[in-house]
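One-letter residues, chain by chain:
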Amino acid sequence: MNVASLNFQSWRGYLELMRPANIVTAWADILVGFAASGSGIIFTKLINEEASFVILIPLAWLLLATTGLYGGGIVFNDVFDAELDAKERPNRAIPSGRVSIQNAALLGSILFAFGIIAAFQVSLVSGAIAIFITLSSLLYDSLAKHHPFFGPLNMGLCRGSNLLLGVSAVPTIIGERWYLALIPVLYIAAITAISQGEVHGGKKITGVLALLLIAIVLTAVLALGLLEDYTAIAALPFAVVLAIRVLPNFIKSAREPVAENIRNAVKIGVLSLIVLDATIASGFAGSSYGLLVLILLPFSIKLAKIFAVT
(Lines give C-alpha, C1' and ligand atoms only; values in the text may rest on other atoms or scores of the structure.)
Protein backbone atom coordinates (compact mmCIF):
# COMPACT_ATOMS: atom_id res chain seq x y z
CA MET A 1 0.00 0.00 0.00
CA ASN A 2 1.54 3.34 -1.06
CA VAL A 3 1.65 6.60 0.94
CA ALA A 4 -1.22 8.17 -1.03
CA SER A 5 -3.45 5.20 -0.25
CA LEU A 6 -2.55 5.38 3.44
CA ASN A 7 -3.36 9.10 3.55
CA PHE A 8 -6.71 8.50 1.86
CA GLN A 9 -7.61 5.78 4.36
CA SER A 10 -6.61 8.05 7.24
CA TRP A 11 -8.69 11.01 6.02
CA ARG A 12 -11.63 8.74 5.31
CA GLY A 13 -11.30 7.37 8.82
CA TYR A 14 -11.60 10.87 10.30
CA LEU A 15 -14.66 11.57 8.16
CA GLU A 16 -16.24 8.28 9.21
CA LEU A 17 -15.79 9.29 12.83
CA MET A 18 -17.74 12.52 12.21
CA ARG A 19 -20.72 10.80 10.45
CA PRO A 20 -21.20 13.46 7.71
CA ALA A 21 -24.76 12.36 6.91
CA ASN A 22 -25.75 12.90 10.55
CA ILE A 23 -24.20 16.36 10.66
CA VAL A 24 -26.50 17.39 7.80
CA THR A 25 -29.48 16.46 10.00
CA ALA A 26 -28.06 18.77 12.68
CA TRP A 27 -28.10 21.62 10.13
CA ALA A 28 -31.82 20.98 9.72
CA ASP A 29 -32.29 21.46 13.48
CA ILE A 30 -30.70 24.89 13.21
CA LEU A 31 -32.88 25.83 10.25
CA VAL A 32 -36.10 24.89 12.03
CA GLY A 33 -35.03 26.78 15.14
CA PHE A 34 -34.17 29.74 12.95
CA ALA A 35 -37.69 29.58 11.49
CA ALA A 36 -39.28 29.35 14.93
CA SER A 37 -37.38 32.47 16.02
CA GLY A 38 -39.29 34.42 13.38
CA SER A 39 -36.23 34.82 11.17
CA GLY A 40 -37.46 32.23 8.68
CA ILE A 41 -40.32 34.40 7.46
CA ILE A 42 -37.99 37.36 7.08
CA PHE A 43 -35.55 35.12 5.22
CA THR A 44 -38.17 34.13 2.65
CA LYS A 45 -39.38 37.69 2.19
CA LEU A 46 -36.12 39.58 1.86
CA ILE A 47 -36.49 43.19 0.83
CA ASN A 48 -32.90 43.87 -0.16
CA GLU A 49 -29.42 42.33 -0.19
CA GLU A 50 -28.36 44.22 2.90
CA ALA A 51 -31.17 42.64 4.91
CA SER A 52 -30.25 39.17 3.67
CA PHE A 53 -26.63 39.69 4.71
CA VAL A 54 -27.62 40.72 8.23
CA ILE A 55 -29.89 37.68 8.61
CA LEU A 56 -27.44 35.20 7.16
CA ILE A 57 -24.55 36.10 9.49
CA PRO A 58 -26.02 34.52 12.66
CA LEU A 59 -27.43 31.61 10.66
CA ALA A 60 -23.99 30.88 9.18
CA TRP A 61 -22.34 30.96 12.61
CA LEU A 62 -24.99 28.64 14.05
CA LEU A 63 -24.58 26.16 11.19
CA LEU A 64 -20.83 26.15 11.81
CA ALA A 65 -21.46 25.75 15.54
CA THR A 66 -23.68 22.70 15.17
CA THR A 67 -21.18 21.15 12.75
CA GLY A 68 -18.53 21.30 15.45
CA LEU A 69 -20.80 20.28 18.32
CA TYR A 70 -22.45 17.34 16.57
CA GLY A 71 -19.18 16.24 15.00
CA GLY A 72 -17.43 16.35 18.36
CA GLY A 73 -20.18 14.37 20.05
CA ILE A 74 -20.11 11.65 17.41
CA VAL A 75 -16.31 11.40 17.47
CA PHE A 76 -16.22 10.99 21.26
CA ASN A 77 -18.94 8.35 20.97
CA ASP A 78 -16.43 6.19 19.10
CA VAL A 79 -13.60 7.17 21.45
CA PHE A 80 -15.49 5.88 24.48
CA ASP A 81 -16.70 2.82 22.54
CA ALA A 82 -13.26 1.88 21.16
CA GLU A 83 -12.87 -1.22 23.33
CA LEU A 84 -16.39 -2.46 22.64
CA ASP A 85 -16.13 -1.72 18.92
CA ALA A 86 -12.95 -3.80 18.75
CA LYS A 87 -15.20 -6.79 19.48
CA GLU A 88 -18.51 -5.84 17.83
CA ARG A 89 -17.54 -3.42 15.02
CA PRO A 90 -13.87 -3.96 14.17
CA ASN A 91 -14.23 -2.16 10.83
CA ARG A 92 -14.81 1.21 12.49
CA ALA A 93 -12.05 3.80 12.16
CA ILE A 94 -10.48 3.41 15.63
CA PRO A 95 -10.47 -0.40 16.10
CA SER A 96 -9.33 -0.89 12.49
CA GLY A 97 -6.25 1.22 13.24
CA ARG A 98 -6.95 3.89 10.63
CA VAL A 99 -7.27 6.53 13.36
CA SER A 100 -5.58 6.31 16.76
CA ILE A 101 -7.72 6.86 19.83
CA GLN A 102 -5.48 9.82 20.80
CA ASN A 103 -5.97 11.54 17.44
CA ALA A 104 -9.71 10.85 17.57
CA ALA A 105 -9.93 12.46 21.02
CA LEU A 106 -7.97 15.45 19.72
CA LEU A 107 -10.30 15.79 16.73
CA GLY A 108 -13.36 15.64 18.98
CA SER A 109 -11.92 18.29 21.31
CA ILE A 110 -11.11 20.62 18.41
CA LEU A 111 -14.61 20.21 16.99
CA PHE A 112 -16.23 20.98 20.35
CA ALA A 113 -14.05 24.07 20.81
CA PHE A 114 -14.83 25.25 17.29
CA GLY A 115 -18.57 24.77 17.87
CA ILE A 116 -18.56 26.72 21.13
CA ILE A 117 -16.51 29.59 19.71
CA ALA A 118 -18.79 29.82 16.65
CA ALA A 119 -21.88 29.91 18.86
CA PHE A 120 -20.49 32.77 20.97
CA GLN A 121 -20.22 34.83 17.77
CA VAL A 122 -24.03 34.99 17.78
CA SER A 123 -24.76 35.70 21.44
CA LEU A 124 -23.91 34.74 25.01
CA VAL A 125 -27.09 32.68 25.07
CA SER A 126 -25.98 30.74 21.98
CA GLY A 127 -22.59 30.12 23.58
CA ALA A 128 -24.20 28.89 26.80
CA ILE A 129 -26.40 26.47 24.84
CA ALA A 130 -23.33 25.22 22.95
CA ILE A 131 -21.54 24.51 26.23
CA PHE A 132 -24.59 22.65 27.51
CA ILE A 133 -24.71 20.55 24.33
CA THR A 134 -21.01 19.73 24.69
CA LEU A 135 -21.38 18.60 28.31
CA SER A 136 -24.56 16.66 27.53
CA SER A 137 -22.85 14.91 24.60
CA LEU A 138 -19.90 13.87 26.74
CA LEU A 139 -22.24 12.62 29.47
CA TYR A 140 -24.12 10.53 26.92
CA ASP A 141 -20.98 9.16 25.28
CA SER A 142 -19.28 8.20 28.53
CA LEU A 143 -22.11 7.05 30.80
CA ALA A 144 -25.74 7.70 29.94
CA LYS A 145 -25.97 5.71 26.70
CA HIS A 146 -25.59 2.49 28.65
CA HIS A 147 -28.78 3.22 30.63
CA PRO A 148 -32.11 2.15 29.02
CA PHE A 149 -33.96 5.29 30.24
CA PHE A 150 -31.42 8.06 30.76
CA GLY A 151 -29.56 7.20 27.54
CA PRO A 152 -32.44 8.00 25.17
CA LEU A 153 -33.45 10.99 27.31
CA ASN A 154 -29.90 12.38 27.31
CA MET A 155 -29.55 12.04 23.53
CA GLY A 156 -32.96 13.64 23.04
CA LEU A 157 -31.88 16.61 25.16
CA CYS A 158 -28.84 17.06 22.94
CA ARG A 159 -31.00 17.30 19.81
CA GLY A 160 -33.62 19.45 21.52
CA SER A 161 -30.91 21.84 22.65
CA ASN A 162 -29.56 21.91 19.11
CA LEU A 163 -32.97 23.13 17.91
CA LEU A 164 -32.93 25.84 20.59
CA LEU A 165 -29.48 26.79 19.36
CA GLY A 166 -31.19 27.71 16.09
CA VAL A 167 -33.84 29.69 17.97
CA SER A 168 -31.04 31.61 19.72
CA ALA A 169 -30.55 33.58 16.50
CA VAL A 170 -33.06 35.78 18.33
CA PRO A 171 -32.18 35.06 22.01
CA THR A 172 -35.29 36.71 23.45
CA ILE A 173 -37.54 34.21 21.63
CA ILE A 174 -36.14 31.16 23.47
CA GLY A 175 -38.41 31.81 26.45
CA GLU A 176 -41.41 31.60 24.11
CA ARG A 177 -40.29 28.59 22.06
CA TRP A 178 -38.56 26.36 24.64
CA TYR A 179 -41.29 23.70 24.33
CA LEU A 180 -40.22 22.94 20.74
CA ALA A 181 -37.21 21.13 22.17
CA LEU A 182 -39.57 18.45 23.52
CA ILE A 183 -40.40 17.23 19.99
CA PRO A 184 -36.85 16.14 19.04
CA VAL A 185 -36.41 14.87 22.61
CA LEU A 186 -39.26 12.38 22.05
CA TYR A 187 -38.22 11.56 18.49
CA ILE A 188 -34.57 10.93 19.30
CA ALA A 189 -35.52 9.06 22.46
CA ALA A 190 -37.49 6.66 20.24
CA ILE A 191 -34.54 6.12 17.89
CA THR A 192 -32.00 5.80 20.70
CA ALA A 193 -34.19 3.31 22.56
CA ILE A 194 -34.40 0.85 19.69
CA SER A 195 -30.79 1.46 18.62
CA GLN A 196 -29.65 -0.42 21.71
CA GLY A 197 -30.56 -3.61 19.85
CA GLU A 198 -28.88 -2.88 16.52
CA VAL A 199 -26.03 -5.34 17.17
CA HIS A 200 -27.67 -8.28 18.99
CA GLY A 201 -31.34 -7.54 18.41
CA GLY A 202 -33.84 -5.94 20.76
CA LYS A 203 -37.08 -6.50 22.64
CA LYS A 204 -40.60 -6.14 21.26
CA ILE A 205 -41.66 -3.92 24.15
CA THR A 206 -38.89 -1.46 23.29
CA GLY A 207 -40.02 -1.36 19.67
CA VAL A 208 -43.63 -0.75 20.72
CA LEU A 209 -42.56 2.08 23.04
CA ALA A 210 -40.50 3.66 20.24
CA LEU A 211 -43.45 3.40 17.87
CA LEU A 212 -45.68 5.10 20.45
CA LEU A 213 -43.20 7.96 20.82
CA ILE A 214 -43.13 8.45 17.03
CA ALA A 215 -46.94 8.61 16.99
CA ILE A 216 -46.84 11.28 19.70
CA VAL A 217 -44.32 13.29 17.68
CA LEU A 218 -46.49 13.16 14.55
CA THR A 219 -49.47 14.33 16.58
CA ALA A 220 -47.45 17.10 18.22
CA VAL A 221 -46.18 18.68 14.99
CA LEU A 222 -49.77 19.11 13.82
CA ALA A 223 -51.05 20.17 17.25
CA LEU A 224 -48.68 23.12 17.04
CA GLY A 225 -51.39 24.53 14.76
CA LEU A 226 -53.09 25.72 17.95
CA LEU A 227 -50.46 28.47 18.01
CA GLU A 228 -51.33 31.72 16.30
CA ASP A 229 -48.18 31.89 14.18
CA TYR A 230 -48.06 28.20 13.15
CA THR A 231 -49.90 26.93 10.05
CA ALA A 232 -50.74 23.24 10.40
CA ILE A 233 -52.00 23.03 6.81
CA ALA A 234 -48.54 23.96 5.54
CA ALA A 235 -46.99 21.34 7.80
CA LEU A 236 -49.43 18.54 6.92
CA PRO A 237 -47.84 17.35 3.61
CA PHE A 238 -44.44 17.13 5.28
CA ALA A 239 -45.94 15.23 8.22
CA VAL A 240 -47.43 12.70 5.79
CA VAL A 241 -44.01 12.19 4.16
CA LEU A 242 -42.48 11.71 7.61
CA ALA A 243 -45.08 9.10 8.55
CA ILE A 244 -44.59 7.20 5.28
CA ARG A 245 -40.82 7.13 5.74
CA VAL A 246 -40.64 6.24 9.42
CA LEU A 247 -43.68 4.23 10.52
CA PRO A 248 -43.25 1.12 8.30
CA ASN A 249 -39.67 0.61 9.50
CA PHE A 250 -40.55 1.12 13.16
CA ILE A 251 -43.54 -1.21 12.89
CA LYS A 252 -41.34 -3.87 11.31
CA SER A 253 -38.67 -3.54 14.01
CA ALA A 254 -41.37 -3.75 16.71
CA ARG A 255 -42.83 -6.93 15.20
CA GLU A 256 -39.46 -8.53 14.46
CA PRO A 257 -36.79 -6.89 16.64
CA VAL A 258 -33.83 -8.51 14.90
CA ALA A 259 -30.62 -6.52 14.44
CA GLU A 260 -31.08 -5.89 10.69
CA ASN A 261 -34.60 -4.49 11.08
CA ILE A 262 -33.50 -2.29 13.96
CA ARG A 263 -30.49 -0.92 12.05
CA ASN A 264 -32.74 -0.04 9.11
CA ALA A 265 -35.24 1.69 11.39
CA VAL A 266 -32.46 3.65 13.11
CA LYS A 267 -30.90 4.72 9.82
CA ILE A 268 -34.20 5.86 8.33
CA GLY A 269 -35.16 7.49 11.61
CA VAL A 270 -31.94 9.51 11.83
CA LEU A 271 -32.11 10.71 8.23
CA SER A 272 -35.81 11.51 8.59
CA LEU A 273 -34.95 14.06 11.24
CA ILE A 274 -34.65 16.37 8.26
CA VAL A 275 -38.27 15.64 7.30
CA LEU A 276 -39.37 16.27 10.89
CA ASP A 277 -37.54 19.59 10.89
CA ALA A 278 -38.99 20.51 7.49
CA THR A 279 -42.46 19.78 8.88
CA ILE A 280 -42.08 22.14 11.84
CA ALA A 281 -40.25 24.77 9.80
CA SER A 282 -43.01 24.89 7.19
CA GLY A 283 -45.55 25.56 9.92
CA PHE A 284 -43.62 28.58 11.15
CA ALA A 285 -42.18 29.97 7.90
CA GLY A 286 -44.27 28.49 5.07
CA SER A 287 -43.98 25.63 2.59
CA SER A 288 -41.16 27.20 0.60
CA TYR A 289 -38.96 27.37 3.69
CA GLY A 290 -39.94 23.79 4.55
CA LEU A 291 -38.83 22.70 1.09
CA LEU A 292 -35.53 24.51 1.65
CA VAL A 293 -34.95 22.36 4.72
CA LEU A 294 -36.12 19.21 2.91
CA ILE A 295 -33.49 19.74 0.20
CA LEU A 296 -30.96 18.56 2.78
CA LEU A 297 -32.50 15.05 2.74
CA PRO A 298 -31.12 13.78 -0.60
CA PHE A 299 -27.75 15.26 0.32
CA SER A 300 -27.78 13.37 3.63
CA ILE A 301 -28.97 10.14 1.98
CA LYS A 302 -26.12 10.37 -0.53
CA LEU A 303 -23.58 10.78 2.27
CA ALA A 304 -25.19 7.87 4.15
CA LYS A 305 -24.31 5.61 1.22
CA ILE A 306 -20.66 6.56 1.61
CA PHE A 307 -20.31 6.87 5.38
CA ALA A 308 -22.08 4.92 8.12
CA VAL A 309 -24.93 6.59 9.99
CA THR A 310 -24.78 4.42 13.13
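Worth saying up front: this structure is predicted, and the values here are computed from it rather than measured.

K.L.:
Sorry, what's going on with the environment of L294 here?
P.N.:
Relative to the helices and strands, L294 resides in helix α15 (residues 287-294). Sequence separation between L294 and V275 is 19 residues, and the spatial gap between their C-alpha atoms is 6.0 Å. Excluding its chain neighbours within four sequence positions, the residues that come into contact with L294 are F238, I274, V275 and A278.

K.L.:
I would appreciate a short explanation of the packing of aromatic side chains in the present structure.
P.N.:
Working definition: an aromatic ring pair is given by the centre-to-centre distance plus the angle between the planes. In the structure shown here, the tally under the stated rule is seven aromatic pairs. Considering the side-chain rings of F149 and F150, the 5.1 Å spacing of their centres and the 80 degrees angle between planes classify their relative orientation as edge-to-face. Classification of F149 by relative accessible area gives exposed; the value is 52%. The interplanar angle of 75 degrees and the centroid separation of 4.9 Å between the aromatic rings of Y230 and F284 together place this pair among those described as edge-to-face. You can see Y230 sitting in the loop between α11 (204-223) and α12 (232-255) and its partner F284 sitting in helix α14 (residues 273-285), a full 54 residues away along the chain. We note that Y230, like F284, is buried. Each residue in the set F76, F80 and F112 is aromatic and connected to the rest through ring pairs, giving one cluster.

K.L.:
Is there a simple way to explain the pattern of salt bridges in this structure?
P.N.:
Side chains bearing opposite charge may pair, as long as their charged atoms lie close to each other. Under the defined criterion, the tally for this structure stands at eight salt bridges. Between R12 and E16 there is a salt bridge, and its shortest N-O distance comes to 3.0 Å. With R12 and E16 both in helix α1 (residues 3-18) and four residues apart, this pair spans about one turn of that helix. By relative accessible area, which is 18% here, E16 ends up buried. Here R159 ties to D29 by a salt bridge, and the two come within 2.8 Å at their closest N and O atoms. Of this pair, R159 sits in helix α8 (residues 150-167) while D29 sits in helix α2 (residues 20-36); the two residues are 130 residues apart in sequence, bridging distant segments of the chain. Judged on exposure class, the residue R159 and its partner D29 are both buried. Overlapping salt bridges bring together R19, D78, D85 and R92 as one network.

K.L.:
Honestly, helix α10 (residues 182-195) in this entry has me stumped. Any pointers?
P.N.:
Within an α-helix, residues lying three or four positions from one another point in the same direction, as the helix has 3.6 residues per turn. The end-to-end C-alpha distance of α10, which contains 14 residues, comes to 20 Å, matching closely the 20 Å that a straight helix rising 1.5 Å per residue would cover. Most of α10 is tucked away, with twelve of its 14 residues classed as buried. For α10, the complete set of buried residues consists of I183, P184, V185, Y187, I188, A189, A190, I191, T192, A193, I194 and S195. Lining the buried residues of α10 we find α7 (124-142), α8, α11, α12, α13 (259-271) and α14.

K.L.:
Looking at this structure, how should I read a nonpolar patch on the surface?
P.N.:
Together, F132, F149, F150, L153 and L157 make up a nonpolar patch on the protein surface, roughly 470 Å² of accessible area in all. Here the nonpolar patch gets three residues from one element, more than from any other, and that element is α8. Within the element layout of this structure, L153 appears in helix α8. Classification of L153 as partly exposed rests on a relative accessible area of 31%.

Analysis parameters
Residues numbered from 1 in each chain as written. Predicted model: local features only at pLDDT ≥ 70, side-chain atom pairs only at ≥ 80, totals over all residues. Heavy atoms only, no water. Helix = DSSP H or I, 4+ residues; strand = E, 2+ residues; numbered from the N terminus. Contact = heavy atoms within 4.5 Å. Phe/Tyr/Trp six-rings, centres within 6.5 Å; stacked < 30°, edge-to-face > 60°. Buried < 20%, exposed > 50% of the residue type's maximum accessible area, 1.4 Å probe, protein only. Salt bridge = Lys/Arg side-chain N within 4 Å of Asp/Glu carboxyl O. Expected span 1.5 Å × (residues − 1). Patch = residues over 30% accessible without salt bridge, like charges linked within 9 Å, V, L, I, M, F, W, Y side chains within 5 Å. Areas by Shrake-Rupley, 256 points an atom, 1.4 Å probe, with all protein chains shown as cover.

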